[in-house]
Amino acid sequence: MSSRKSRYTTRYVLAAACGFALFAAPIAVAQQQQAPTGAGAGAGAAATVNAPSSGLDALGDDKLLNELATRGLGSLLERALAVNNVAPARRDAIKTLVALRQLGDPKTRMTVAQRRELVQRIAANLEAALPGLNDPQTMTQQASALLQHGVERDVNTLEYWGENSRTQAAVRPVIEATLKLLDRAAGIARQQADAMANAIVGPADPRARQWEELSTVATAAAYTRHMADYYHAIALDRASPQRKEIAQKAIDYLAQFDNADSSVQPVVRLRVAKLHMARGEFDRAEEIFATVAKPDPAIQPAPDAPQQWEARYFGAVSDLLAGKPDDAQKALDEVIAWQQSGLPKEKAAQDGASAATSMLQYRILSARADAATDEAAKRAANDKAVALLMDLVKKRPDLQSVIFEQLMPKLPPTVDLKALDPLLLQGFVARADEERLRPANEPADAKVLQRGLDAAREMLRRRQSIDPQLADAAALLCGFFLDRLGQPAAAAEAFLDYLKSPGPSAPQNQQLALDNALAIIARLRANPATADQPGTVRAYDRFLPVAIAAPFNRAEFAYEYARRLQLTNQFAKAVEYFRKVPPDDKRLAQARFFLMVALQQRLDNEPKLSPAERQQVTAEIRGLVDDVAQRVTAGMNAAPTDAERAQFRSMLVRTLLLSADVARREQNDPRRSLQLLEKFESLSAGLPNEQELNGSALYARVQAYMGLGDSNSATQTLVALLKTRPGGEGAAIVYKLLQRLNDELDQARRAGDRRKMQALAQNRAQLSGFLVEWARGNADPNTRKFTYRYSVFDAATKHLAADLQDDPAQRRAGLQAAMKLYQQLESPQSAELYRATLDPASPDRNYPDPAVSLGIGLISYDLGDFATAQQRLGRLLTDRKLGTPTVGVEENGQSKLVENDQYWEATLKLMRANAALAAVNAADAQAQAARERTTNYLKELYVRHGRTVGGAKWSPEFEKLRQEIAPELNPDEFTVDATAPATQPTATDTGASPAGG
């Protein structure tokens with residue numbers, strides 16, 4: 001049976017049979033390869049020969065897994081792998097069988113990148129999977145799929161553009177895996193054919209047909225394997241001995257098909273000629289190419305036009321590789337002349353051939369540039385090569401990636417991107433994109449990535465003159481480049497920039513940009529080292545509103561963004577986003593609570609709200625109170641831990657506080673306020689901030705009683721609370737009470753409500769006076785020792801009440817009375833009482849009470865005693881006793897920085913005192929020098945803080961001072977530096993000497 005012959009032909013899709021598929025597909029289609037006949041074998045669509053089977057139930061575990069894999073039964077396979085507890089290495093091998101089937105299935109829909117990734121995975125795991133493969137025909141088909149999807153493109157690149165190590169390294173493992181698959185296919189087919197031959201009992205035996213089919217598969221697999229040896233050879237370095245050995249073995253094997261009976265003689269001759277090229281035997285290669293280029297009558301079938309073109313073309317390539325660029329140019333000119341008449345006239349065929357000849361022309365120019373010793377000649381050849389590639393990429397944009405790969409090394413490393421053609425910029429971008437797609441465990445070339453990023457940004461700078469789709473791609477890639485460069489925060493912002501950039505942007509690209517921004521930000525926020533860095537915070541703050549808005553509508557981020565807005569005092573916007581928190585958000589109770597808080601913050605901090613707006617906000621708060629109380633109570637009851645229950649309870653008591661405050665201030669209903677707070681202390685008991693909460697409730701009650709005109713109940717309420725607290729804690733409560741009064745005074749001031757300011761100041765003064773007398777006469781010595789503290793409070797409240805008097809005489813009298821109170825507090829006896837309130841280890845025990853010194857300094861200023869004001873205020877600021885421009889406070893359960901009005905007022909009035917003293921002492925050099933230092937320091941403040949100098953309260957007064965003493969300074973030239981250290985004036989800055997003079 002081994003001598004039996006069957007003459008037939010069949011068509012195989014063998015990658016690069018003419019090597020032209022990538023560049024001239026129509027020609028490649030016309031030249032479909034025929035399988036060899038003779039040598040006792042044929043090739044055809046052979047039927048698969050399998051051993052009898054009684055179904056999957058008859059298979060052992062390994063056979064079952066292999067069968068499931070080769071049949072593509074994915075879900076059953078996954079279950080079988082789990083049930084049998086298959087080892088990871090075996091799993092990979094079995095899944096490779098699935099991947100092979102997927103790759104060879106024409107119904108599979110994958111992108112080019114997905115196919116390449118699948119091919120690489122198959123190549124990495126194929127050797128372990130080979131024992132599970134037993135169908136030779138299927139293996140041959142799978143090998144053809146690997147050649148088509150994993151080898152063809154890279155082989156074309158090596159053939160037409162010249163060999164390079166990177167492409168060789170990429171294709172080598174794939175071709176080596178393919179050869180192993182073909183070897184196994186040929187071996188198994190031969191074994192099965194031999195077994196079948198031994199079983200045949202006569203010419204009529206139906207197994208004779210099966211033997212013939214198996215012999216055909218065995219020969220076809222072996223033939224394909226040795227044809228593919230050429231791919232293996234050129235995937236190796238030219239200097240590798242293995243390369244020459246592989247090529248020679250292929251030449252020896254293919255010699256049996258170099259005859260008219262094989263039906264593949266032209267194809268074999270072309271392949272053998274290329275194998276001689278791979279061995280560096282260029283003269284022999286050209287001899288064989290010539291027999292196909294100008295057909296030898298002995299060759300059967302006669303070479304067709306594409307085969308003749310290929311022989312002529314690679315004859316010219318052989319001249320170039322032999323180091324004969326002039327001969328190569330001559331041969332190329334002949335190819336160009338011949339192809340116009342010899343090839344089919346179809347545009348696609350002619351365009352494909354023209355593209356290939358342009359590539360060879362480029363290689364010839366590059367070779368001449370490399371060989372030139374004269375710099376001018378080298379530059380001229382190089383410029384021609386670049387110009388040729390630029391023209392080619394315009395004609396064949398589908399080849400741009402491989403063209404750019406050739407083009408980029410031709411550009412000088414210091415080329416000015418601003419002067420480059422957009423296509424060259426695109427080349428840098430394409431090269432960088434390839435680099436960033438390297439596996440995560442491989443290092444990427446940072447210089448290539450940075451160059452690509454710079455080129456992409458240059459393209460965006462010229463956006464109006466760039467193709468919109470190219471500009472869109474460049475904008476999107478900026479984020480990917482930055483992330484691979486190790487700049488994640490900048491990458492996230494680049495993705496966000498893309499989402500607001502003009503021009504066409506596919507929905508899938510928008511989603512890709514958003515998803516990548518989110519992934520990067522989540523990674524940064526999860527790392528304690530980067531969570532609070534400015535770049536992370538800025539990117540997150542930009543991401544949130546983009547994600548929440550259309551077209552993404554990611555409402556799950558609304559709560560987080562609303563809280564961030566609230567913490568940065570953007571209360572109106574916070575309200576807007578709290579309303580967007582979806583009903584199924586697990587933080588809905590908190591969202592409703594903070595919405596109510598944000599609405600109150602609008603009332604407190606937006607003095608320009610119209611009466612109608614205030615009424616609307618107040619009504620919304622009232623509508624929220626019951627809802628919040630119900631939700632928070634439910635959360636408290638369902639909370640799994642004590643800490644969570646305490647959080648909900650804290651929200652509940654704050655809801656009562658807020659509701660009581662709105663009832664008193666906005667609805668003028670102090671009785672309602674008192675009713676809401678009846679059981680407040682029982683609810684707040686045991687909370688971490690119980691003292692602060694109870695102090696707020698005290699304030700609300702006291703103010704409600706005063707609003708009712710019941711000052712007796714107000715003072716009794718205060719005393720009742722103070723009796724239950726140690727002296728120090730009571731003083732702290734009073735201090736917070738008075739501070740709340742100050743806050744309400746400021747709100748009235750911002751609203752321009754002077755009558756309310758006067759009423760609040762009088763209430764404050766009445767309370768403080770009562771407290772002094774109550775403490776002084778208290779039977780508890782622990783309370784009496786805080787008489788000093790209450791006396792300081794009393795002096796401050798009297799000062800404020802006097803300052804708000806409309807009648808000048810009453811105002812002056814009130815200021816003088818307050819001054820006496822302060823002066824009494826500086827007596828030796830009072831100083832001793834002050835020290836008794838301090839910790840024995842306090843470094844301030846020998847320093848006068850700053851609150852008293854500040855009061856004397858400010859009243860001195862108000863009374864026109866600028867020398868005393870300068871002395872007092874200058875020393876306090878120089879000694880850092882008044883803090884910094886901002887201070888931290890706790891408000892509604894959240895910490896935040898607020899403007900330090902005390903600091904700014906003292907600074908302003910000290911500077912004005914300096915200016916006033918200079919004005920009345922024109923001949924005093926020291927006074928004039930102090931004025932000059934004051935002017936310089938004012939300028940420094942504007943440089944540091946811009947128009948925020950003085951904070952919201954004192955900024956207008958600082959601006960008046962600037963116009964008086966430094967009108968040439970333009971505040972709009974400066975912006976606030978949030979990272980600058982807090983400003984602290986020195987004695988020299990303010991014009992005061994260390995002694996205050």
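Note that the coordinates shown come from a computational prediction; the quantities given were computed from them, not determined experimentally. (Residues numbered from 1 in each chain as written. Predicted model: local features only at pLDDT ≥ 70, side-chain atom pairs only at ≥ 80, totals over all residues. Heavy atoms only, no water.)

Quick word on the overall build of the protein chain
Item 1. Along the backbone of the protein chain there are 45 helices and four strands.
Item 2. Split into buried and exposed, the 997 residues of the protein chain put 50% on the buried side.
Item 3. Pairs at least 24 apart in sequence give 66% of the contacts found in the protein chain among residues at least 6 apart.
Item 4. Total accessible area computed for the protein chain in this model is approximately 46300 Å², and 51% of it derives from carbon and sulfur atoms. (Helix = DSSP H or I, 4+ residues; strand = E, 2+ residues; numbered from the N terminus. Buried < 20%, exposed > 50% of the residue type's maximum accessible area, 1.4 Å probe, protein only. Contact = heavy atoms within 4.5 Å. Areas by Shrake-Rupley, 256 points an atom, 1.4 Å probe, with all protein chains shown as cover.)

Focus: the pattern of salt bridges
Item 1. One pass over the full model with this rule turns up 60 salt bridges.
Item 2. The shortest N-O distance in the salt bridge between arginine 962 and glutamate 959 comes to 2.6 Å. Taken as a pair, arginine 962 and glutamate 959 lie in helix H44 (residues 951–965) at a separation of three residues, close to a single helical turn.
Item 3. In this structure arginine 962 comes out as buried when scored by relative accessible area, which is 8%.
Item 4. Residue classification places glutamate 959 among the buried residues on the basis of a relative accessible area of 15%.
Item 5. The structure contains a network of salt bridges with shared partners spanning Arg431, Glu435, Arg438 and Glu442. (Salt bridge = Lys/Arg side-chain N within 4 Å of Asp/Glu carboxyl O.)

Regarding unusual backbone geometry
Item 1. Following glutamine 300, the chain continues to proline 301 via a peptide bond in cis, the omega torsion being -10°.
Item 2. Along the chain, proline 301 turns up in the loop between helix H13 (282–293) and helix H14 (305–321).
Item 3. Cis geometry marks the peptide bond from alanine 550 to proline 551, where omega comes out at 5°.
Item 4. Along the chain, the position of proline 551 falls in the loop between helix H24 (534–548) and helix H25 (558–567).

Examining the packing of helix H19 (residues 422–436) against helix H21 (residues 468–484)
Item 1. The geometry of H19 relative to H21 is characterised by a closest axis approach of 10 Å and an angle of 40° between their N-to-C directions. Considered as vectors, H19 and H21 are oriented oblique to each other. Here the hand of the crossing between H19 and H21 comes out left-handed. Every residue of H21 that contacts H19 at Gln426, Val429, Ala432, Asp433, Glu435 and Arg436 is listed here: Leu470, Leu477, Phe480, Phe481 and Arg484.
Item 2. For the contact of H19 with H21, the class distribution of residues is six nonpolar, one polar and four charged. (Axes fitted to C-alpha atoms, helices over the stretch in contact; angles between N-to-C directions. Parallel < 35°, antiparallel > 145°, perpendicular 65-115°, else oblique. Left-handed = near helix turned anticlockwise from the far one by under 90°. Nonpolar A, V, L, I, M, F, W, Y, C, P; charged D, E, K, R; others polar.)

Side note on the packing of aromatic side chains
Item 1. By the definition in use, this model includes 20 aromatic pairs.
Item 2. Each ring, one from tyrosine 313 and one from phenylalanine 314, has its centre 5.3 Å from the other, and the planes form 75°; the classification is edge-to-face.
Item 3. Considering the side-chain rings of tyrosine 903 and tryptophan 904, the 5.1 Å spacing of their centres and the 75° angle between planes classify their relative orientation as edge-to-face.
Item 4. Residue classification places tyrosine 903 among the buried positions, given a relative accessible area of 0%. (Phe/Tyr/Trp six-rings, centres within 6.5 Å; stacked < 30°, edge-to-face > 60°.)

With respect to the layout of surface pockets
Item 1. When its volume is computed, the second largest pocket comes out at roughly 1800 Å³.
Item 2. At the level of secondary structure, the elements contributing two or more residues to the lining of the second largest pocket comprise helix H5 (112–129), helix H7 (152–161), helix H8 (165–199), helix H18 (400–407), H19 and H21.
Item 3. Of the residues that constitute the lining of the second largest pocket, the class distribution is 23 nonpolar, seven polar and 14 charged. (1 Å grid on protein atoms, 1.4 Å probe; cavity = no way out; pocket = protein on both sides within 12 Å on 5 of 7 lines; lining within 4 Å. Points joined across faces, edges and corners; volume = space filled by probe spheres on them.)

What to know about empty space enclosed by the protein
Item 1. The final tally for this structure, using the stated rule, is six cavities of 30 Å³ or more.
Item 2. A volume near 120 Å³ is recorded for the largest cavity.
Item 3. Forming the walls of the largest cavity are 14 residues, and the residues nearest its centre are Leu158, Glu163, Tyr230, Met277 and Leu321.
Item 4. Among the secondary structure elements, those contributing two or more residues to the lining of the largest cavity are H7, helix H10 (229–234), helix H12 (265–278) and H14.
Item 5. Taken as a whole, the second largest cavity holds about 70 Å³ of empty space.
Item 6. Surrounding the second largest cavity, Arg116, Val119, Gln120, His149, Gly150, Asp154, Ala170 and Val174 form its lining.
Item 7. At three residues, H5 tops the list of elements feeding residues into the lining of the second largest cavity.
Item 8. Considering only residue class, the lining of the second largest cavity consists of three nonpolar, three polar and two charged.

A closer look at the environment of glutamate 458
Item 1. Along the chain, glutamate 458 turns up in helix H20 (residues 446–461).
Item 2. Owing to a relative accessible area of 6%, glutamate 458 belongs among the buried residues under this scheme.
Item 3. Sequence spacing of glutamate 458 and alanine 471 is 13 residues, and the spatial spacing of their C-alpha atoms is 9.8 Å.
Item 4. Those residues in contact with glutamate 458, other than ones at most four positions away along the chain, are Leu417, Lys418 and Leu425.
Item 5. Of note is the side chain of glutamate 458, whose polar atom sits 2.9 Å from the side chain of arginine 462. (Polar contact = N/O pair within 3.5 Å; in protein donor to acceptor, adjacent residues only side chain to side chain.)

Quick look at the nonpolar core
Item 1. With 174 residues, the main nonpolar core has Trp161, Trp309, Tyr313, Phe543, Phe578 and Ile621 as its most contacted residues.
Item 2. Other than its neighbours up to four places away in sequence, phenylalanine 543 contacts Leu496, Leu514, Ala517, Leu518, Ile521 and Phe557. (Core = buried A, V, L, I, M, F, W, Y, C linked by side-chain atoms within 4.5 Å.)

Digging into the packing of helix H42 (residues 901–920) against H44
Item 1. As a packed pair, H42 and H44 sit with axes 9 Å apart at the nearest point and diverge in direction by 15°. Judged by the inter-axis angle, H42 sits roughly parallel to H44. In this structure, the crossing between H42 and H44 has a hand that is left-handed. For the pair formed by H42 and H44, the contact residues are Asp901, Trp904, Glu905, Thr907, Leu908, Lys909, Met911 and Arg912 on the first element and Gly951, Lys953, Trp954, Glu957, Phe958, Lys960, Leu961 and Glu964 on the second.
Item 2. Of the residues contributing to the contact of H42 with H44, the split by class is six nonpolar, two polar and eight charged.

Quick look at helix H41 (residues 866–878)
Item 1. The end-to-end C-alpha distance of H41 is 17 Å, a good match for the 18 Å that 13 residues give at a rise of 1.5 Å each.
Item 2. Ala869, Gln870, Leu873, Gly874, Leu876 and Leu877 are the residues of H41 that are buried. Looking straight down H41, one finds that the buried residues subtend no more than 165° of arc, so they occupy a single side.
Item 3. Each element contacted by the buried residues of H41 is listed here: helix H40 (850–862) and H42.
Item 4. Of the residues trailing H41, arginine 880 is marked for its positive phi of about 60°. (Expected span 1.5 Å × (residues − 1). Arc of directions from axis to C-beta.)

So, the confidence of the model for the protein chain
Item 1. Confidence along the protein chain averages 81 in pLDDT terms, with 83% of residues attaining 70 or more.
Item 2. At the low end of the mean pLDDT range in the protein chain sits helix H1 (residues 25–30), at 27; at the high end sits H12, at 96.
Item 3. Here residues 37–62 scores under 50 on pLDDT; set against residues more than four positions off or in separate chains, the count is 54 contacts.
Item 4. Note on residues 986–997: pLDDT under 50 across the span, and 31 contacts to partners over four residues away in sequence or across chains. (pLDDT = per-residue confidence, 0-100.)

As for the side chain of glutamine 265
Item 1. Structurally, the position occupied by glutamine 265 is in helix H12.
Item 2. Given a relative accessible area of 3%, glutamine 265 falls into the buried group.
Item 3. Those residues in contact with glutamine 265 that lie beyond four places of it in its chain are Phe257, Asp258, Asn259, Ala260, Ala298, Ile299 and Gln300.

Focus: the environment of alanine 353
Item 1. If you trace the backbone, alanine 353 turns up in helix H16 (residues 347–371).
Item 2. For the pair alanine 353 and leucine 343, spaced 10 residues apart in sequence, the C-alpha separation works out to 8.7 Å.

So, the environment of glycine 535
Item 1. Assignment of secondary structure puts glycine 535 in helix H24.
Item 2. Spatially, the C-alpha atom of glycine 535 lies 9.0 Å from that of proline 488, the residues being 47 residues apart in sequence.

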